[in-house]
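# Architecture at a glance
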Amino acid sequence: MPTISTRGIEMPASPIRKLAPLADAAKQRGTHVFHLNIGQPDLPTPQVAIDAIHNIDLKTLEYSPSAGYRSYREKLVGYYAKFNINLTADDIIITTGGSEAVLFSFMSCLNPGDEIIVPEPAYANYMAFAISAGAKIRTVSTTIEEGFSLPKVEKFEELINERTKGILICNPNNPTGYLYTRREMNQIRDLVKKYDLFLFSDEVYREFIYTGSPYISACHLEGIENNVVLIDSVSKRYSECGIRVGALITKNKEVRNAVMKFCQARLSPPLIGQIAAEASLDAPEEYSREMYDEYVERRKCLIDGLNRIPGVYSPIPMGAFYTMAKLPVDDSDKFCAWCLEEFDYEGQTVFMAPGSGFYTTAGAGYNEVRIAYVLNKEDLTRALFVLQKALEAYPGRTE
Ligand SMILES: Cc1ncc(COP(=O)(O)O)c(C=O)c1O
């Protein structure tokens with residue numbers, strides 16, 4: 001039998017999805033599973049987007065241009081301008097989700113063996129996309145005790161060598177909910193400038209900032225315009241995960257030219273998705289406000305609830321819709337699997353993402369889980385109660 005590639009072997013299973021078969025089996029047994037594991041918003045998509053799909057009157061569902069529809073890219077210029085991000089349509093390339101934007105930016109900017117520095121814990125698929133591109137992720141640690149703030153510049157500098165090609169940040173952050181301060185962003189800018197690195201900045205959660213603190217985009221940083229590659233997506237801001245539309249944005253023409261070759265090879269981003277995404281730009285303001293208010297309440301419900309459970313600690317996330325919580329357990333991989341395989345409380349259990357999958361440092365996050373607050377408050381409250389019961393019953397409890 002032929003053997004599969006080393007890359008295929010090294011590709012990590014998604015920490016968010018790898019326990020899904022256990023959740024399916026629990027459901028088969030009739031257990032209700034609260035999904036706290038995945039950032040799939042449950043809130044409705046803007047009606048204008050649904051209407052636009054209903055009103056499609058095309059005779060042929062054709063390929064769209066490889067960079068995406070011009071009309072959509074032009075309209076996006078106005079969207080970004082509201083955040084003080086000044087672009088032209090040419091700076092924007094439409095991708096198949098933010099996921100493809102990450103992959104194409106790595107494929108276009110990194111050689112096999114090149115390294116990028118990423119604060120951990122990090123969105124796990126970055127590791128998977130880096131492996132796809134043959135690149136290596138080096139991590140600087142942030143910790144739950146310090147609220148996941150960035151470590152000192154020296155920690156980054158310790159990792160910089162001749163193979164270092166870039167820094168990747170996610171702001172606001174998945175999985176921690178952390179929002180980088182102006183000082184931290186300036187610190188990153190200085191590093192990027194000093195060592196002439198790429199700055200890959202994943203800002204798919206910019207609509208979800210709860211603290212009133214300013215959102216500093218990588219595109220706001222002066223003097224590194226040609227170093228920045230912005231990753232974006234409509235999945236979260238319009239509850240449109242399934243339409244698979246994202247964007248890769250950069251002022252760097254050479255990067256865009258390389259990215260376009262990958263875009264041409266995959267022919268086209270989704271046609272129907274772009275129609276929905278373009279229409280979403282006309283969603284009324286109340287749409288975003290209502291969504292925002294709902295997440296503010298869920299965040300409070302979740303964080304208050306978690307910190308009330310004996311032995312559990314969660315910092316208050318400033319943005320996105322996740323938190324990393326510390327649990328009194330021996331091993332959160334085991335605990336999350338146990339919740340699905342062996343536990344239920346009155347026919348209900350919880351599905352959480354084990355923390356270890358968000359770290360590359362061995363042993364890090366062993367007692368942490370990532371929890372997404374994409375359930376309504378009633379379900380969240382019940383899920384927290386079930387989690388408390390699970391912690392009381394778990395044989396590997398540590399405190
Ligand atoms: C930080 C971050 N970046 C990128 C993505 C990819 O999103 P999509 O491919 O749905 O646009 C996600 C999805 O959860 C995410 O959390």
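Reference entry: report on the structure contained in this document. (Residues numbered from 1 in each chain as written. Predicted model: local features only at pLDDT ≥ 70, side-chain atom pairs only at ≥ 80, totals over all residues. Heavy atoms only, no water.)

Attention shifts here to the overall build of the protein. Along the protein, the regular secondary structure elements total 13 helices and 12 strands. Its C-alpha atoms give the protein a radius of gyration of 21 Å, within 12% of the compact-globule value 21 Å for 399 residues. Along the first, second and third principal axes, the C-alpha set of the protein runs to 60 × 55 × 55 Å. Taken over 399 residues, the protein has a buried fraction of 55%. For the protein, the accessible area works out to roughly 17200 Å², and carbon and sulfur atoms hold 51% of it. If the 42 positive side-chain charges of the protein are averaged to one point and the 51 negative ones to another, these points end up 3 Å apart. (Helix = DSSP H or I, 4+ residues; strand = E, 2+ residues; numbered from the N terminus. Rg over C-alpha atoms; globule rule 2.2 N^0.38 Å. Buried < 20%, exposed > 50% of the residue type's maximum accessible area, 1.4 Å probe, protein only. Areas by Shrake-Rupley, 256 points an atom, 1.4 Å probe, with all protein chains shown as cover. Lys, Arg positive; Asp, Glu negative; His and termini not counted. Charge placed at Lys NZ, Arg CZ, Asp CG, Glu CD.)

Turning to the nonpolar core, a few remarks are in order. If you look at the biggest cluster of nonpolar residues, it comprises 73 residues, and the most contacted ones within it are Tyr80, Tyr295, Phe321, Phe335, Val350 and Met352. Leaving out residues up to four positions away in the same chain, Met352 has contacts with Leu19, Leu36, Asn37, Phe335, Cys336, Cys339, Val369, Arg370, Ile371 and Leu387. (Core = buried A, V, L, I, M, F, W, Y, C linked by side-chain atoms within 4.5 Å. Contact = heavy atoms within 4.5 Å.)

For the rest of this paragraph, the subject is the environment of Leu197. By secondary structure assignment, the location of Leu197 is in the loop between α8 (182-195) and β6 (198-202). Given the relative accessible area of 2%, Leu197 is considered buried. Spatially, the C-alpha atoms of Leu197 and Gly166 are 4.6 Å apart, while their sequence positions differ by 31 residues. The residues contacting Leu197, other than those within four sequence positions of it, are Ile160, Thr164, Lys165, Gly166, Ile167, Leu191, Val192 and Asn227.

This part is about helix α4 (residues 70-81). Its 12 residues give α4 an end-to-end C-alpha distance of 17 Å, which sits within 8% of 16 Å, the value for a rise of 1.5 Å per residue. Those residues of α4 that fall on the buried side of the exposure criterion are Tyr72, Arg73, Leu76, Tyr79 and Tyr80. For α4, the angular spread of the buried residues around the axis is 100°, confining them to a single face. (Expected span 1.5 Å × (residues − 1). Arc of directions from axis to C-beta.)

What follows concerns the side chain of Thr250. Counting through the fold element by element, Thr250 comes out in the loop between β8 (246-249) and α9 (253-265). Given the relative accessible area of 2%, Thr250 is considered buried. A polar atom in the side chain of Thr250 sits 3.0 Å from the backbone nitrogen of Asn252. Beyond its immediate stretch of four places on either side in the chain, Thr250 contacts Asp91, Val228, Val229, Val255 and Arg256. (Polar contact = N/O pair within 3.5 Å; in protein donor to acceptor, adjacent residues only side chain to side chain.)

Attention now moves to the pattern of salt bridges. Under the defined criterion, the tally for this structure stands at 23 salt bridges. Across the salt bridge formed by Asp190 and Arg189, the nearest N and O atoms sit 3.1 Å from each other. The residue Arg206 makes a salt bridge to Asp232 at a minimum N-O spacing of 2.9 Å. Taken together, the residues span a long stretch of sequence, with Arg206 in the loop between β6 and β7 (228-233) and Asp232 in strand β7 at a distance of 26 residues. Side by side, Arg206 and Asp232 carry an identical accessibility label, which is buried. Residues joined by salt bridges that share partners form a network here, namely Arg70, Arg73, Glu74 and Asp90. (Salt bridge = Lys/Arg side-chain N within 4 Å of Asp/Glu carboxyl O.)

Going through the model one piece at a time under the given rule, you end up with two cavities of 30 Å³ or more. By volume, the largest cavity amounts to about 40 Å³. Put simply, the second largest cavity is a space of about 40 Å³. Contributing to the lining of the second largest cavity are Val118, Pro119, Pro121, Ala122, Tyr126, Leu168, Ile169, Cys170, Asn173 and Asn174. Those elements that place two or more of their residues in the lining of the second largest cavity are β3 (115-120) and β5 (164-170). Of all the elements, β5 adds the most residues to the lining of the second largest cavity, at three residues. Of the residues belonging to the lining of the second largest cavity, the class tally is eight nonpolar, two polar and no charged. (1 Å grid on protein atoms, 1.4 Å probe; cavity = no way out; pocket = protein on both sides within 12 Å on 5 of 7 lines; lining within 4 Å. Points joined across faces, edges and corners; volume = space filled by probe spheres on them. Nonpolar A, V, L, I, M, F, W, Y, C, P; charged D, E, K, R; others polar.)

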